[in-house]
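An overview of the molecular structure
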There are 4 protein chains.
Amino acid sequence: MLHFECDYACGAHPAVLKALMETNEEQHCGYSEDERCEKAREIIREQCACPDAAVHFVVGGTQANLLVIEAGLRSFEGVLCADTGHINVHETGAVEATGHKVLPLPPTDGKISADQVREAVLLQRGDSSHEHIVRPAMVYISHPTEIGTLYSADELTALSETCHELGLTLFVDGARLGYGLAAMPEVDLPFLARTCDAFTIGGTKVGLLFGEAIVMPGKALRDCFRYHMKQRGAMLAKGRLLGVQFEAMMQDGLYVKASRKANQQAQAIKQAFVDAGFPLYCDTLANQIFITMPNEAYEALSRKHAITYWGKVDEQRCAVRLVTSVCTRDEDVAVLLKDIAGLASFA
Amino acid sequence: MLHFECDYACGAHPAVLKALMETNEEQHCGYSEDERCEKAREIIREQCACPDAAVHFVVGGTQANLLVIEAGLRSFEGVLCADTGHINVHETGAVEATGHKVLPLPPTDGKISADQVREAVLLQRGDSSHEHIVRPAMVYISHPTEIGTLYSADELTALSETCHELGLTLFVDGARLGYGLAAMPEVDLPFLARTCDAFTIGGTKVGLLFGEAIVMPGKALRDCFRYHMKQRGAMLAKGRLLGVQFEAMMQDGLYVKASRKANQQAQAIKQAFVDAGFPLYCDTLANQIFITMPNEAYEALSRKHAITYWGKVDEQRCAVRLVTSVCTRDEDVAVLLKDIAGLASFA
Amino acid sequence: MLHFECDYACGAHPAVLKALMETNEEQHCGYSEDERCEKAREIIREQCACPDAAVHFVVGGTQANLLVIEAGLRSFEGVLCADTGHINVHETGAVEATGHKVLPLPPTDGKISADQVREAVLLQRGDSSHEHIVRPAMVYISHPTEIGTLYSADELTALSETCHELGLTLFVDGARLGYGLAAMPEVDLPFLARTCDAFTIGGTKVGLLFGEAIVMPGKALRDCFRYHMKQRGAMLAKGRLLGVQFEAMMQDGLYVKASRKANQQAQAIKQAFVDAGFPLYCDTLANQIFITMPNEAYEALSRKHAITYWGKVDEQRCAVRLVTSVCTRDEDVAVLLKDIAGLASFA
Amino acid sequence: MLHFECDYACGAHPAVLKALMETNEEQHCGYSEDERCEKAREIIREQCACPDAAVHFVVGGTQANLLVIEAGLRSFEGVLCADTGHINVHETGAVEATGHKVLPLPPTDGKISADQVREAVLLQRGDSSHEHIVRPAMVYISHPTEIGTLYSADELTALSETCHELGLTLFVDGARLGYGLAAMPEVDLPFLARTCDAFTIGGTKVGLLFGEAIVMPGKALRDCFRYHMKQRGAMLAKGRLLGVQFEAMMQDGLYVKASRKANQQAQAIKQAFVDAGFPLYCDTLANQIFITMPNEAYEALSRKHAITYWGKVDEQRCAVRLVTSVCTRDEDVAVLLKDIAGLASFA
């Protein structure tokens, strides 16, 4: 069984594993206050062209999301997001467990717009019962989105300007950021640092054993953030593991370079489906692809490859997701491509 | 600078690192539903002589604590513990952040007793305003305790019987359990599995890069535990990393064997202080030792070794903690022993 | 200015005020453990034909909602409701502040159906990532709904059967229950007691100074409910005030009788609008009516009467809500009817 | 049975009841945005000599406490208080249910001191692991305290100065404030307004049917407070009831005048016990008195009068609390005094 159902089926990128081995006997103080973490922070600040950014490392994406959101909201405030947003549908109510309402908006191509944000904010503020309504105070988006699409630089700029004009903060969940950076160079790290109040550089799905870097370019959210981390169980005792891994993956552009290869693999797979006569469920440029196929084709393919059933399209057909990662092997892709070609009779 | 201030200054035990390297290219499904985790669970169940135990893996100790406690309490219920308990003083209110009150009791030698538990429970239940008082519903203890002491089998049995008679659950935080198992064999894994409703097998401080195994021998706390994990950001995407590490450390008795050596190092250090004329702050048998020393001795020693200032004893003297771990090197201990001998003039 | 914008503009129904005066010098123990509350509970149990029902009194509707919901859910569970539901849009995230996600469904005529509930529950349970998704465990509906519509007995039976088949509980918010009981006799108190796991008998909007009775016919939600009440600040010190008021309003059928008159006033107002040529925004039978009118008509009418702007219909027209209550005076209605007739030129 | 066990056994002071009757037919908008509430606010601001104070009305004391505390703390912050403080022992963990730790200090005569606050704050801040420890950010005291004692003006000034020097806020729970104001004139409303960041003027125990006024003289805590109120179910629909009652009780000095009489009744009862040979459990000047008496005396007295068993003193004796209120009748006190005299044989 080859794994194309997610981007966390393997261990670490070889460069990351090597760094962990080489530093294993080093002794460091705990909780990410060590030199290795400081080094990784410096690299990230430099690549973001933001020497003053606060950078924190946590183990997982749900931790990163709930931390940034609860740190950035007062108790009666909520966070706007696409109704398909990870925090709204796939984190078992982690944000609500911190006491805050997630305020869903209907997305287009997985994305929400500055206009939607403005409308939602003004609707609450203009209501004579505004004190009875959760106050939107942050916008959460994912880049790439849950369906693999990407915000353009213009879309992000509009969101950022609208948020800041209205007094909201903008938080970008970059669990798959590497693939996004590789697929759409106009949205690079310095752009994100200029545009967002917080964003994550995802490691778990981009070659690390685990780890997300939370980058806070401005002052809006950072105060006392480590208290929040400890309180939510998100401060790693051997914190240096996060520093070591991010240093290995970020330096010399490896983060984007390795992601680019995964994107190319994914796009080749997409093309194979198209060539075999299957329509796209939605079109994407990064490491996730979504295909509409007959139920029989899904069943045939999933006998040999772990892939994700994304949802029913109609009685005969379903949407299927396939994912590559920086650890995906070319030989596995070759097998898959051949098997896709063999599906043409189902199309 | 040699590190004796904690048991998480190094990376992993060589056996753990080796296992991570060897399994790096394996492909597994996520979230600890893979074969590696299942294998580690089997080993733990077997060593606990408890084939039905639920076993869950999380990254850190604060996560383990807050999860077991919030999963085991109704909203108006609280958890009894020593006022020195880690959850009461060193987790930034993580339990309270889940909505529950920590109910502190004054410990003796770092430990609370069955009688204290009984008295606290009956006091609440017998009060005519009992509905205005948080209801004790769980007991949390650490073994070893925060000051390195150990519960005897009789003490644990009494706690367990009292808890169960009164309808409470008993949770043992085993962040340093290996050192406890090695130092007091009468409290072994099968004993804990017969005695507690939940206990943790600490990995982070006992040779893993990270990881705590939560063992729930009975049915009291386990229902839907994975929902709790996901909601609190405690479900690791590449969950197999926890399985691989626990398998490596638990099999062939390595967990206890390696801990025993660390205990011996700690006890040798303790003896060196005694020989140099320093009194013990409290007597311990496991990997943490506590020495009372003049402030000047502390300053001299801490110039060369990272050690922990534990508190002021009087104007001239302080309590100091030193810790070994399964990763502590004999050559480092040798250096320390010599330096302690050199402190005799301060005693 | 006459008040038709809500059903809490006045003080209490004369019978309620009289009872408060007559019992003012009585001495009672606190927190609703007195004879007055017990008497009111008995009356309610009898009128519900449910001698075993648990009955609790709280001051306000948001309190009642958050209490029943948080008492009935485990931390990772959520409550299904119409997206227009009071808990979803008009309680400042009170449910989320207790840690639980509100799971909105699109309503028809303000109501959700048994089929929607079933679909939502099965979707979560059937998902391979179900542990990453909030588990629906309760259904919240309002009767009358937020837009004044009423569930039929068949609709409620279907909801109840579906909930219980799937292991969910059904909670009916009866903030305006009196008006519902008067308008649709097939849904009476015994019917609700047979059908729901919890429902409220609203007092604040039906003649009391304040107060909601929470009725729990079965065992599902009641355990330790008073602990929840105290923890959320919902236990009234002089609890007997709630008993005295409910006794006064419930006995001899006053609750429904007085509501019926308010419904008649509302329906007369509705008819006046229809006669003047204004279309209904939605059709209702109880004490709230919703009219579509030109913006100018709204402005003209609201100069003299407090009424509620409900939302924009198009550039020229808006929806407007008018409400009567058991305290609405016939002479005020007469004035309003005349003023409505005068609006005909706008229609 | 005459009631001396609490100060909420009766209904309202006649002046309050009269005002409620007279205003019953008035029509007002809801949620305390009406003229009656505004009038009451003005009276309070004037009596506090603090024209800019924010004044909010809620129904009960636990609501007031949890609201001020959760509004004033960030998620990782806690509130210092006496370990006997109402929030620590008698509100079912209401503060913890909002996510915050209560940080208890050992009181002297029911009171905590500025020095204790300073020490606790500096201990946390000076700890190298301060991020692992809940940060004290507010001080909660009661005046009168839970055992009826009173803070002197000097003690309050010292607390206030220490809090503000260290960046904490000071919150005074005045559930029985009237009795305190009457017993110790040096701590009057203007003094409290100059000294505290928030304090409550208790109504429930001082003649109202229900109600606490939260006064916030400065800007520290007030922002968006009404959102907090609504979210916690503490916004009364017919808010004018709170305004009407506070207006009636506060104007013309009735609040203090009526309290003074209750204090005199209590002190007469205290003297009767002393005359009968019973020692004081602690000495108080306001409306609560605490007597040490043989268990038999307690049993004899409690057959005829509702009084509170406060705790065991030794095998033979217990502490007993008796309370008067602004509604206590002189004829009931006369009966009690006679019955106390009859207890002399037990002394």
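Residues numbered from 1 in each chain as written. Chains lettered and ligands numbered in written order. Predicted model: local features only at pLDDT ≥ 70, side-chain atom pairs only at ≥ 80, totals over all residues. Heavy atoms only, no water.

1. Focus on the overall build of chain A
We count it as follows: Comment: elements are numbered from the N terminus, with helices defined as DSSP H or I runs of at least four residues and strands as E runs of at least two. In this treatment the radius of gyration is a C-alpha quantity, and the globule benchmark scales as 2.2 Å times the residue count to the 0.38 power. Each residue is placed in one exposure class: buried if its accessible area under a 1.4 Å probe, protein chains only, is under 20% of its type's maximum, exposed if it is over 50%, and partly exposed if it falls in between. Working rule for contacts: check all heavy atoms of both residues, and any pair within 4.5 Å makes them a contact. We get accessible surface area from the Shrake-Rupley algorithm with a probe of 1.4 Å; when it comes to residues, only the shown protein chains can shield them. In this tally Asp and Glu are treated as negative and Lys and Arg as positive; neither His nor the chain ends contributes. Lysine's charge is taken at NZ, arginine's at CZ, aspartate's at CG and glutamate's at CD.
Across its full length, chain A holds 14 helices and 13 strands. The globule rule puts the C-alpha radius of gyration for 347 residues at 20 Å, and the 21 Å found for chain A is close to it. Counting all 347 residues of chain A, 68% fall into the buried class. When contacts within chain A are restricted to residue pairs at least 6 apart in sequence, long-range pairs at least 24 apart make up 72% of them. Within the structure as shown, chain A displays about 11700 Å² of accessible surface, and the carbon and sulfur contribution to it stands at 52%. Taking the average location of the 32 positive side-chain charges in chain A and that of its 45 negative ones, the two points are 4 Å from each other.

2. Remarks on the interface of chain A and chain B
We count it as follows: The term buried area denotes the loss of accessible surface (1.4 Å probe radius) that occurs when two parts are joined, taken as the sum for both partners. A side-chain nitrogen of Lys or Arg and a carboxyl oxygen of Asp or Glu constitute a salt bridge if their distance falls within 4 Å. Within 3.5 Å is the distance limit for a polar contact, defined as a pair of N or O atoms, with the added protein rule that one can donate a hydrogen and the other accept it, and that residues adjacent in sequence qualify only through two side-chain atoms. For this classification, Asp, Glu, Lys and Arg are treated as charged, while Ala, Val, Leu, Ile, Met, Phe, Trp, Tyr, Cys and Pro are nonpolar and the rest, including Gly, are polar.
Contacts between the two partners involve 45 residues from chain A, matched on the other side by 45 residues from chain B. Between chain A and chain B the total buried area reaches about 4100 Å² when both faces are included, carbon and sulfur atoms providing 54% of it. The tally of links between chain A and chain B comes to two salt bridges. Across the pair R329 of chain A and E25 of chain B runs a salt bridge whose closest N-O atoms are separated by 3.5 Å. The tally of links between chain A and chain B comes to 27 residue pairs in polar contact (both at pLDDT 80 or more). Elements that contribute at least two residues to the side of chain A that touches chain B include exactly β1 (2-3), α1 (14-22), α3 (61-72), α5 (94-97), α10 (225-231) and α11 (240-250) of chain A. When the residues that make up the side of chain A that touches chain B are grouped by side-chain class, the tally is 21 nonpolar, 14 polar and ten charged.

3. Brief notes about the relation of the copies chain A and chain B
For clarity, the cut-off: Copy-to-copy alignment: least squares on C-alpha atoms, limited to residues at pLDDT 70 or above in both.
Aligned on chain B, chain A shows an RMSD of 0.0 Å; the corresponding rotation is 180 degrees and the shift along the axis is 0.0 Å. Here the transformation between the copies is reduced to the relation of a two-fold axis. Taken together, the interface assignments show that 100% of the residues at the interface of chain A recur at the interface of chain B, consistent with an identical surface on both copies.

4. Looking at helix α14 (residues 330-341) of chain A
Residue and element names in this part refer to chain A. Condition: Here the expected span of a helix is defined as 1.5 Å times the quantity of residues minus one. Note: the arc covers the axis-to-C-beta directions of the helix.
Between its terminal C-alpha atoms α14 stretches 17 Å, which fits the 16 Å expected from twelve residues at 1.5 Å a residue. By the burial criterion, the buried members of α14 are D332, V333, L336 and I340. All buried residues of α14 project into a common sector of 100 degrees when viewed along the axis, lining one side. Exposed residues pointing more than 90 degrees away from the buried face of α14 are listed as E331, K338 and A341.

5. Some points on the sheet that holds strand β5 (residues 135-142) of chain B
All names here are of chain B. Keep this limit in mind: Whether two strands pair comes down to DSSP finding at least two bridges between them. Lines fitted to C-alpha atoms define the axes, with helix axes restricted to the stretch in contact, and inter-axis angles between N-to-C directions lie between 0 and 180 degrees.
Read from one edge of the open sheet, seven strands run β2-β8-β7-β6-β5-β3-β4, paired in mixed fashion. A strand with exactly one partner marks an edge of an open sheet, and here the two such strands are β2 (54-58) and β4 (102-105). Taking each pair of neighbouring strands and ignoring which way they run, the sheet shows an average axis angle of 25 degrees. As judged from the two bridges shared by strand β6 (residues 169-173) and strand β7 (residues 198-202), these two strands associate in the parallel manner. Note on β7: the bridge partner recorded for V172 is F199. Sheet strands touched by helix α2 (residues 35-47): β2, β7 and β8 (212-216). Its angle to β2, the strand with the most contacts, is close to 125 degrees.

6. Details of the packing of aromatic side chains
Worth spelling out the cut-off: Two rings from Phe, Tyr or Trp (for Trp, the six-membered ring) form a pair when their centres sit within 6.5 Å of each other. Planes less than 30 degrees apart are called stacked, planes more than 60 degrees apart edge-to-face, and all others tilted. Criterion for a charge above a ring: Arg CZ or Lys NZ at most 6 Å from the ring centre, at most 35 degrees from the ring normal.
Across all of its chains, the model carries 30 aromatic pairs over all chains by this definition. Where F273 of chain A meets F278 of chain A, the ring centres are 5.9 Å apart and the plane angle is 80 degrees; that geometry is what we call edge-to-face. Judged by its relative accessible area of 0%, F273 of chain A falls in the buried class. Its end group placed over the ring of Y151 of chain B, K111 of chain B keeps NZ or CZ at 5.8 Å from the ring centre. Over the face of the ring belonging to Y227 of chain A we find R135 of chain D, whose NZ or CZ atom lies 5.6 Å from the ring centre.

7. As for the interface of chain C and chain A
Facing 18 residues of chain C, the contacting portion of chain A comprises 18 residues. Summing both partners gives a buried area of about 1400 Å² for chain C against chain A, and 50% of it is carried by carbon and sulfur. Remark: the boundary between chain C and chain A carries two salt bridges. Between K101 of chain A and E96 of chain C there is a salt bridge, with the nearest N and O atoms lying 2.5 Å from each other. Counting only elements with at least two residues in the side of chain C that touches chain A, the list comes to α4 (86-89) and α5 (94-97) of chain C. When grouped by side-chain class, the residues that make up the side of chain C that touches chain A number six nonpolar, eight polar and four charged.

8. Digging into a nonpolar patch on the surface
All names here are of chain A. Just so we agree on the cut-off: Residues enter patches when their relative accessible area tops 30% and they take part in no salt bridge; the joining distance is 9 Å for like charges and 5 Å for the nonpolar side chains Val, Leu, Ile, Met, Phe, Trp and Tyr.
The grouping of Y281, W310 and V313 at the surface amounts to a nonpolar patch, some 260 Å² of accessible area in total. Mapped onto the elements of the fold, V313 is located in the loop between β12 (308-312) and β13 (317-323). The exposure class of V313 is partly exposed, given its relative accessible area of 35%.

9. Regarding the pairing of β6 of chain B
Residue and element names in this part refer to chain B. We apply this condition: We call a crossover right-handed when, viewed with the strands running away from us, the connection from the first strand over the helix to the second turns clockwise.
For β6, a buried count of five out of five residues is recorded, marking the element as mostly surrounded by other parts of the structure. Burial along β6 is two-sided: T169, F171 and D173 and L170 and V172, pointing in opposite directions, are all buried. Summarising the sheet, β5 and β6 pair through five bridges and their orientation is parallel. The residue bridging Y140 from the neighbouring strand is F171, located in β6. One crossover worth recording links β5 to the parallel β6 by way of helix α7 (residues 153-166), and it is right-handed.

10. A look at the confidence of the model for chain A
Spelled out, the test is: Residue-level confidence of the predictor is what pLDDT reports, using numbers from 0 through 100.
Looking at chain A, pLDDT values average 97 and 100% of them are 70 or higher. As a predicted assembly, this complex carries a pTM of 0.97 together with an ipTM value of 0.96.

11. What to know about the pairing of strand β3 (residues 77-82) of chain D
Residues and elements named next belong to chain D. Burial within β3 is extensive, with six of its six residues counted as buried. In the sheet, β3 pairs with strand β5 (residues 135-142) via four bridges, with the strands oriented parallel. Bridge assignment links E77 to a residue of β5, and that residue is R135. Where β3 lies against strand β4 (residues 102-105), four bridges are found, and the strand directions are parallel. In the strand pairing of β4, L80 is matched with L103.

12. Description of unusual backbone geometry
A cis amide bond links H143 of chain A with the next residue in sequence, P144 of chain A, at an omega value of -5 degrees. Relative to the elements of secondary structure, P144 of chain A occurs in the loop between β5 (135-142) and α7 (153-166). Positive phi, normally seen in glycine, also occurs at T92 of chain B, with a value near 50 degrees.

13. Observations concerning the side chain of R240 of chain C
Positionally, R240 of chain C belongs in helix α11 (residues 240-250). Of the side chains with opposite charge, E26 of chain C lies nearest to the buried R240 of chain C, which makes no salt bridge, at 5.5 Å. For R240 of chain C, the side chain forms a polar contact with the main-chain oxygen of A9 of chain D, separated by 3.1 Å. Residue contacts for R240 of chain C: discarding those within four places in its chain leaves T23, N24, E26, Q27, H28, D34, R36 and C37 of chain C together with A9, C10 and G11 of chain D.

14. What about the sheet that holds strand β12 (residues 308-312) of chain C?
Residue and element names in this part refer to chain C. What the four strands build is an open sheet, ordered β9-β10-β13-β12; its pairing is antiparallel. On the outer flanks of this sheet lie β9 (280-282) and β12, each paired with one strand and no other. Ignoring which end each strand starts from, the neighbouring axes of this sheet average 35 degrees apart. Pairing geometry for β9 and strand β10 (residues 288-294), over two bridges, is antiparallel.

15. Quick look at the packing of helix α11 (residues 240-250) of chain D against helix α12 (residues 254-275) of chain D
Residue and element names in this part refer to chain D. For the record, the criterion: Working definition: roughly parallel below 35 degrees, roughly antiparallel above 145 degrees, roughly perpendicular at 65 to 115 degrees, and oblique for all remaining angles.
Packing of α11 against α12 leaves a shortest axis separation of 6 Å and a crossing angle of 65 degrees. If you check the angle between α11 and α12, you find them roughly perpendicular. Side by side, α11 and α12 meet where A248, M249 and M250 of the first sit next to L254, Y255 and A258 of the second.

16. Focus on the environment of A137 of chain C
All names here are of chain C. Checked against the element boundaries, A137 lands in strand β5 (residues 135-142). Accessibility expressed as a relative area gives 10% for A137, which makes it buried. Spatially, the C-alpha atom of A137 lies 8.8 Å from that of L166, the residues being 29 residues apart in sequence. Ignoring sequence-local partners within four residues, the contact set of A137 consists of L73, E77, G78, L168 and T169.

17. Quick look at the pattern of salt bridges
Taken as a whole and judged by the stated rule, the model has 92 salt bridges over all chains. Residue E165 of chain C pairs with R118 of chain C through a salt bridge whose shortest N-O separation is 3.0 Å. In this pair, E165 of chain C is assigned in helix α7 (residues 153-166) and R118 of chain C in helix α6 (residues 114-126), connecting sequence segments 47 residues apart. If you follow the salt bridges from partner to partner, you end up with E26, R36, K39 and E247 of chain A in one network.

18. Notes on the packing of α1 of chain A against α11 of chain A
Residue and element names in this part refer to chain A. Short version of the rule: A crossing counts as left-handed when the near helix is turned anticlockwise from the far one by less than a right angle, and as right-handed when that turn is clockwise.
Here α1 crosses α11 at 140 degrees, and the two axes come no closer than 8 Å. Classified by the angle between their axes, α1 and α11 sit oblique to one another. Of the two elements, α1 crosses α11, and the hand of that crossing is right-handed. Contacts between α1 and α11 involve A15, V16, A19 and L20 from the first element and L241, V244, Q245, A248 and M249 from the second. Considered class by class, the residues forming the contact of α1 with α11 number eight nonpolar, one polar and no charged.

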